[in-house]
Amino acid sequence: QVQLVESGGGLVQAGGSLRLSCAASGNIFSINAMGWYRQAPGKQRELVATITSGGSTNYADSVKGRFTISRDNAKNTVSLQMNSLKPEDTAVYYCKVWSRYDYWGRGTQVTVSS
């Protein structure tokens, strides 16, 4: 079975940085795109950033210029470098893989203190 293993979440002060990583393992036929969602308390899950297998990226306006998504297609990994973090970035962050089927990570907590 396919599993998405996330790492890098934690607690950081405003203005600090964190790097989230997600590794997809298992028998995946192909990966078309990978990305990150987040869900803050009381809010709907929102798309943060995506990257296709060809390297095209998209970002939510709220993180543009601060977050950078990258991937290694050979290793089926995706990372999210988060700089200049704000308290508003506090959320559970979820890795997602678009493939023959869609897969989700279990989520990792990111907390940014004021």
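I will try to describe carefully the structure that is included in this document. Sequence order as written defines residue numbering, which begins from 1 separately in each chain. Predicted model: local features are reported for residues with pLDDT of at least 70 only, side-chain atom pairs are reported and counted for 80 or more only, and whole-chain, interface and lining totals are derived from all residues. Calculation of side-chain values draws on the structure's entire complement of heavy atoms; hydrogens and water are dropped beforehand.

Sheets are built from strands that pair by backbone hydrogen bonding, the pairs being arranged parallel or antiparallel. A sheet is described by the order of its strands in space; here 4 strands give the open sequence β1-β3-β8-β7, paired in antiparallel fashion. Strands at the two margins of the open sheet, each flanked by one partner only, are β1 (3-7) and β7 (67-72). Within this sheet the neighbouring strands show an average axis-to-axis angle of 15 degrees, counted without direction. Note that strand β3 (residues 18-25) and strand β8 (residues 77-82) share 6 bridges and pair antiparallel. Paired with L18 across the two strands is M82, which belongs to β8. Any two strands between which DSSP finds at least two bridges are classified as paired. Secondary structure elements follow DSSP: runs of H or I no shorter than four residues count as helices, runs of E no shorter than two count as strands, and numbering proceeds from the N terminus. To obtain an axis, a line is fitted to C-alpha atoms, over the contacting stretch when the element is a helix, and the angle between two such axes runs from 0 to 180 degrees between their N-to-C directions.

Bringing the nonpolar core into the picture now. By size, the foremost hydrophobic cluster in this structure holds 29 residues, and its most contacted members are W36, L80, M82 and Y93. Counting residues per element, the ones that place at least two in this core are β3, β4 (31-39), β5 (46-52), β7, β8, β9 (91-99) and β11 (108-113). For L80, the contacting residues outside a window of four places in its chain are L18, R19, L20, W36, V48, A49, F67, T68, I69 and Y93. Each nonpolar core is a collection of buried residues, namely Ala, Val, Leu, Ile, Met, Phe, Trp, Tyr and Cys, held together in the definition by side-chain atoms within 4.5 Å. Only protein chains enter the accessibility calculation, which uses a 1.4 Å probe; a residue whose area is less than 20% of its type maximum is buried, one above 50% is exposed, and one in between is partly exposed. The contact criterion used is simple: two residues touch if any of their non-hydrogen atoms lie within 4.5 Å.

Just to be clear on terms, a salt bridge is a Lys or Arg side-chain nitrogen sitting within 4 Å of an Asp or Glu carboxyl oxygen. A complete count under the given rule lists 4 salt bridges for this structure. One salt bridge in this structure joins D89 and R38, with 2.9 Å as the shortest N-O distance. In this pair, D89 is assigned in the loop between β8 and β9 and R38 in strand β4, connecting sequence segments 51 residues apart. The exposure class of D89 is buried, given its relative accessible area of 2%. Across the pair D89 and R66 runs a salt bridge, and its minimum N-O distance is 2.8 Å. Remark: R66 occurs in the loop between β6 (57-59) and β7 and D89 occurs in the loop between β8 and β9; sequence separation between them is 23 residues. Connected through salt bridges with shared partners, the residues R38, E46, R66 and D89 form a single ionic network.

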